[in-house]
Structure formats: C-alpha cells, structure tokens
Amino acid sequence: MRRDPSGEESRGDVYICDLSGEITEYELRQVFQNYGELTSLEHDKESASARVRFVDSKAAEEAQDVLNYALLKGRTCRCLTTSVAEVIRHSMEGGQRLVVECLDPSIESTGLRDVCGLFGSVLDCKVELDGDERSRGFGFVHYADMEGAEKAMEFMEGMQIGSSRVELRLYEHSDLGLFTGCSYVVSQEASREQARLAAAEEERQRQVTTFWKSMKYHHVEVVEAEEAKLRRLKELIQSYSPDHDRQILVIAGAAGVKPAVEVVRQCCEDTDHGSLEAGASDQDLRIAAEGFATGNLYVLVAAADVAMRDNDLGKAAMLVNMELPRTLSQYLERLHKRARKDTRVHSFFSSQADARLARPLASALEGAGHEVPVEMVEVPSAAARSRALG
C-alpha cells in the first residue's frame with residue numbers, strides 16, 4: 001500500500017473541497033466513478049466539499065492525483081487523501097503552515113506548489129481565488145514537517161516568483177477567514193463550527209482594533225543596535241521610577257532577556273524585579289504572575305513567547321517592547337493582552353529586523369492618531385531599492 005506525503009498509508013478515501021455550488025452529488029459520482037468503484041460518497045454543499053470512499057485504494061490514489069487542482073463546473077478544486085487531511089487538521093497552527101503574500105496575480109496553485117516543493121514535502125498548497133477564479137494575491141502552503149517550513153521561511157522570503165517578490169509568515173488563527181476549503185472534514189456541523197470560529201475571530205479582532213484606537217499613549221522609536229535599545233530601556237526605567245503602582249513589563253526576544261535583566265538590576269533592588277526566560281515552566285510563570293499582580297515586582301522582563309501565554313500575568317502601567325512580532329495582528333494582540341488604555345507603551349522598531357512591519361504599523365499608527373516616526377515611513381522604499389539593487 002502506498003504511503004502518501006503525510007507518511008501515513010493511503011486508504012481508499014479522498015477529500016475534495018472548493019467545489020462549485022452548482023455541482024450535484026450525481027455529477028460528483030460520475031466524475032469519481034471514472035477511477036474505480038465507489039463504496040460511498042458524502043457531499044456537503046454548505047462546506048462545498050465531499051468525501052469519497054473507493055473499494056480499491058489505488059483508485060483513490062489515481063483520483064487524488066488527477067483531480068487535485070482540476071476545474072469542475074468552473075471552480076478549481078483541491079483533492080487530498082483523508083489521511084493527509086487529518087494530519088493537516090491537527091497541525092494548522094504548529095508552524096508547518098505558512099501564508100504566502102504579495103503573489104503575482106498570474107501565479108496558480110500548481111505553480112506555487114512546485115516552488116514550495118523545492119524546500120520540503122507539501123501536504124496542501126493554494127492560491128486563494130475570488131468568485132471569478134482570479135488570484136487574490138495570497139495563498140498558503142502546508143508542509144509535512146517543520147524542516148520544510150523552516151527552509152521555505154529562510155529561502156523563499158523575498159524570492160522573485162513571476163513579477164513579484166513574495167513575503168512569507170506563519171499561519172495564525174486569525175487567518176481562518178482568509179481561505180476557503182480549509183475545514184478538511186465533510187459535515188454541516190464542521191462547516192457551521194468553522195463559521196462560528198470565523199465569527200468569533202472577527203469579533204475578537206474588532207475588540208483588539210477598538211482597544212488599539214482607544215490607547216492614550218503609544219510611542220514607537222526607531223532604534224537599530226541592541227546596545228542602543230538597552231540604553232533607552234535604562235533611561236525609561238530611571239525616568240519612570242517604577243513602584244508597586246507603576247509597574248513596568250519589558251518584553252524581549254529569547255536572546256534579549258538576560259541583557260535586559262542586567263539593565264534592570266542597575267536600576268532596581270534585586271527584590272523589586274523578576275524575569276521569565278523562554279521556555280519558563282508554568283510554576284515559574286505562576287510565581288512571577290503572583291508577584292506582579294500583588295505589586296511585589298516593580299519590573300518584570302519576559303520572553304515574548306512566555307508573555308503571550310494565557311495566564312494571570314496582568315497588564316502593566318508601562319510596556320516596553322524590546323522586539324516586535326512578525327505581524328501587525330500579533331503586535332496589536334500583544335498590546336490588547338498586556339496593556340491598559342492608559343498604559344505608556346514604548347516600542348523599539350528596527351528598520352532591518354522589522355522592515356516587513358513598517359508599512360502596516362505606520363498605517364495603524366496614523367489611523368489611531370499616534371505619531372509615526374519619519375524613519376519608519378522611509379523603510380519600505382529603502383527596502384524596495386535594496387531588493388532592486390540585489
């Protein structure tokens with residue numbers, strides 16, 4: 001029995017999605033019966049998907065090979081074995097799924113899959129299309145393992161595909177509503193659940209955006225060198241004079257926690273500050289959260305991944321972002337989770353490390369009435385010139 005790209009043995013079941021709303025169950029049977037005898041066919045119009053079971057697994061394999069990206073009733077569908085679909089469902093947000101943006105409008109799903117396949121085994125790949133089968137300029141790729149995704153992130157970022165240089169980022173839960181055909185299961189219940197999750201995510205994003213626009217103090221500083229960031233952190237702590245009512249939360253990258261802690265030690269008594277490094281245990285997190293919540297810790301330095309865990313860490317009077325996340329939505333989510341409306345936010349922006357964030361963040365700052373650093377506005381054009389020279 002052949003093994004599919006997920007590493008699982010192929011069974012006689014296939015999952016097909018992105019079907020036309022006009023296609024009938026009878027027509028689907030006619031299509032799939034060309035490849036072998038069917039045991040069953042379950043078609044759900046609400047999710048525009050179907051599950052087909054063959055008597056012979058080889059027939060299922062042939063149908064999947066031929067019908068993936070086939071045009072049925074004017075719609076480009078995707079066809080996967082159900083074992084692959086199951087693997088994908090359980091690894092959507094584990095780092096194996098990447099969003100590909102800034103796509104040339106002429107690039108099709110097969111072309112994107114071929115490029116992505118240079119870096120690892122691809123379980124699913126798609127260029128998102130509108131109702132007229134035209135590219136919306138973005139898509140996704142789902143790798144069989146982290147190694148493939150990491151290679152793609154390293155080598156595909158900025159790669160010229162067609163007339164555009166693509167940008168890659170990790171798939172986020174908030175991307176749920178961007179793509180069709182991604183429930184990977186056939187049932188009205190699953191379709192409704194996906195719709196419910198999409199609606200819940202939309203409401204959460206609305207709350208995050210409303211909070212962002214209500215913030216009173218938000219300051220972005222363009223600071224390139226790590227040494228300069230540490231000097232600025234020291235100035236902020238000394239000028240703010242933290243105490244049990246004026247606490248400071250410093251969020252840093254994994255490698256930046258220890259240097260930031262050293263700066264805090266120069267400004268505060270040992271009993272007045274704490275730290276949470278990357279990979280901190282839940283017990284460490286509970287102790288730090290309790291100390292911060294009771295006001296016993298005036299300054300807390302936390303690695304970004306730890307600071308965003310669901311916990312009782314609370315919200316600070318001052319939030320210092322030593323490093324920024326990859327996307328605007330992740331940044332706004334961080335503020336929503338760790339700041340109040342009256343929190344004084346200081347974020348350090350690097351034109352090199354945060355170039356992809358420059359344009360969306362500048363637009364968000366302007367829309368919320370916050371000051372936009374001139375250096376940030378100049379970053380996109382400078383980056384574009386650099387790519388052109390390259």
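The rules behind the values
Residues numbered from 1 in each chain as written. Predicted model: local features only at pLDDT ≥ 70, side-chain atom pairs only at ≥ 80, totals over all residues. Heavy atoms only, no water. Helix = DSSP H or I, 4+ residues; strand = E, 2+ residues; numbered from the N terminus. Buried < 20%, exposed > 50% of the residue type's maximum accessible area, 1.4 Å probe, protein only. Contact = heavy atoms within 4.5 Å. Areas by Shrake-Rupley, 256 points an atom, 1.4 Å probe, with all protein chains shown as cover. Pairing = 2+ DSSP bridges. Axes fitted to C-alpha atoms, helices over the stretch in contact; angles between N-to-C directions. Expected span 1.5 Å × (residues − 1). Arc of directions from axis to C-beta. Salt bridge = Lys/Arg side-chain N within 4 Å of Asp/Glu carboxyl O. Lys, Arg positive; Asp, Glu negative; His and termini not counted. Polar contact = N/O pair within 3.5 Å; in protein donor to acceptor, adjacent residues only side chain to side chain. Phe/Tyr/Trp six-rings, centres within 6.5 Å; stacked < 30°, edge-to-face > 60°. Lys NZ or Arg CZ within 6 Å of the ring centre and 35° of its normal. UniProt positions renumbered as here; feature names shortened; annotations may be inferred.

K.L.:
Give me the overall build of the protein chain: which residues, what numbers.
P.N.:
Along the protein chain, the regular secondary structure elements total 13 helices and 18 strands. Across the 390 residues that make up the protein chain, the buried fraction comes to 47%. Long-range pairs, those at least 24 residues apart, make up 72% of the contacts in the protein chain between residues at least 6 apart in sequence. Accessible surface computed for the protein chain: about 18,800 Å², of which carbon and sulfur atoms make up 47%.

K.L.:
Requested: an account of the sheet that holds strand β2 (residues 38-44), with residues and values cited.
P.N.:
Pairing between the strands of a sheet comes from backbone hydrogen bonds, and it takes one of two forms, parallel or antiparallel. As summarised here, the arrangement of the 4 strands in space is β2-β3-β1-β6, forming an open sheet in which the pairing is antiparallel. Two strands bound the open sheet, and with one partner strand each, they are β2 and β6 (78-81). With direction set aside, neighbouring strand axes in the sheet form an average angle of 15°. Of the strand pairs in this sheet, strand β1 (residues 13-17) and β6 are connected by 4 bridges, and their pairing is antiparallel. Of the residues in β6, the one forming a bridge with C17 is R78. The sheet contacts of helix α2 (residues 57-67) involve β1, β3 (49-54) and β6, and relative to β6 the element is tilted by about 150°.

K.L.:
Any chance you could break down the sheet that holds strand β7 (residues 97-101) for me, citing the residues and the numbers?
P.N.:
Strand order in the open sheet formed by 4 strands is β8-β9-β7-β12, and the pairing between neighbours is antiparallel. Sheet topology places β8 (122-129) and β12 (167-170) at the edges, where each strand pairs with a single neighbour. Ignoring strand direction, the axes of neighbouring strands in this sheet form an average angle of 20°. Pairing of β8 with strand β9 (residues 135-143), which is carried by 6 bridges, proceeds in the antiparallel orientation.

K.L.:
Go over helix α9 (residues 282-293) with me, naming the residues and quoting the values.
P.N.:
For α9, spanning 12 residues, the distance from its first C-alpha to its last is 16 Å, which sits close to the expected 16 Å at 1.5 Å a residue. All buried positions along α9 are accounted for by L285, A288, A289, G291 and F292. Buried residues along α9 cover an arc of 165° about the axis, so they all sit on one side. Facing away from the buried side of α9 by over 90 degrees, the exposed positions are Q283, R286, I287, E290 and A293.

K.L.:
Lay out the pattern of salt bridges in plain terms, naming residues and giving numbers.
P.N.:
Considering all chains together, one arrives at 25 salt bridges under this definition. Salt-bridge contacts for E101 lead to R169; the nearest nitrogen and oxygen are separated by 3.3 Å. Here E101, found in strand β7, pairs with R169, found in strand β12; they are 68 residues apart in sequence, far enough to count as distant. Of the residues examined, R169 reaches a relative accessible area of 10% and is grouped as buried. A cluster of three or more residues bridged by salt bridges with shared partners is formed by D18, R78, D124, K126 and E128.

K.L.:
An account of the side chain of R97 is needed here, citing residue identities and associated values.
P.N.:
Along the chain, R97 turns up in strand β7. The side chain of R97 is buried and forms no salt bridge, while D124, the nearest opposite charge, is found at 4.9 Å. Separated by 3.1 Å, the side chains of R97 and Y184 make a polar contact. Aside from chain neighbours lying at most four places away, what touches R97 is I88, M92, F140, V141, H142, L170, Y171, C182 and Y184.

K.L.:
Requested: an account of the side chain of R169, with residues and values cited.
P.N.:
Within the structure, R169 has its side chain in polar contact with the side chain of D175 (distance 2.8 Å). The contact partners of R169, leaving out residues within four places of it in the chain, are L98, V99, E101, M153, D175, L178, R326, T327 and R356.

K.L.:
Account for the packing of aromatic side chains, naming residues and giving values.
P.N.:
The tally for this structure, following the rule as stated, stands at 5 aromatic pairs. Ring centres of F119 and F155 lie 6.1 Å apart, and the angle between their planes is 5°; this geometry places the pair in the stacked category. Taken together, the positions of F119 in the loop between α4 (109-116) and β8 and F155 in helix α5 (residues 146-155) put the pair 36 residues apart, joining distant regions of the chain. Given a relative accessible area of 47%, F155 falls into the partly exposed group. A network of ring pairs unites the aromatic residues F138, F140 and F179 as a single cluster. Over the ring of Y171 we find R97, and its NZ or CZ is 5.4 Å from the ring centre. The ring of Y240 carries R246 above its face, with NZ or CZ at 4.0 Å from the centroid.

K.L.:
So what's going on with the UniProt feature "domain: RRM" (unreviewed entry) in the protein chain? Which residues, and what values?
P.N.:
When the UniProt feature table is mapped to this numbering, "domain: RRM" (unreviewed entry) covers residues 12-75 and 96-173. Along residues 12-75 one finds 30% helix and 33% strand; the C-alpha atoms at either end are 24 Å apart. Summarising residues 96-173: 23% helix, 38% strand, and an end-to-end C-alpha distance of 13 Å.

K.L.:
Lay out the environment of P325 in plain terms, naming residues and giving numbers.
P.N.:
Here P325 shows up in the loop between β17 (316-321) and α11 (328-338). Overall, P325 belongs to the buried group, its relative accessible area being 13%. The spatial distance from the C-alpha of P325 to the C-alpha of A353 is 10.0 Å, given a sequence separation of 28 residues. Excluding residues that lie within four positions of it along the chain, P325 makes contacts with Q330, Y331, R334 and L357.

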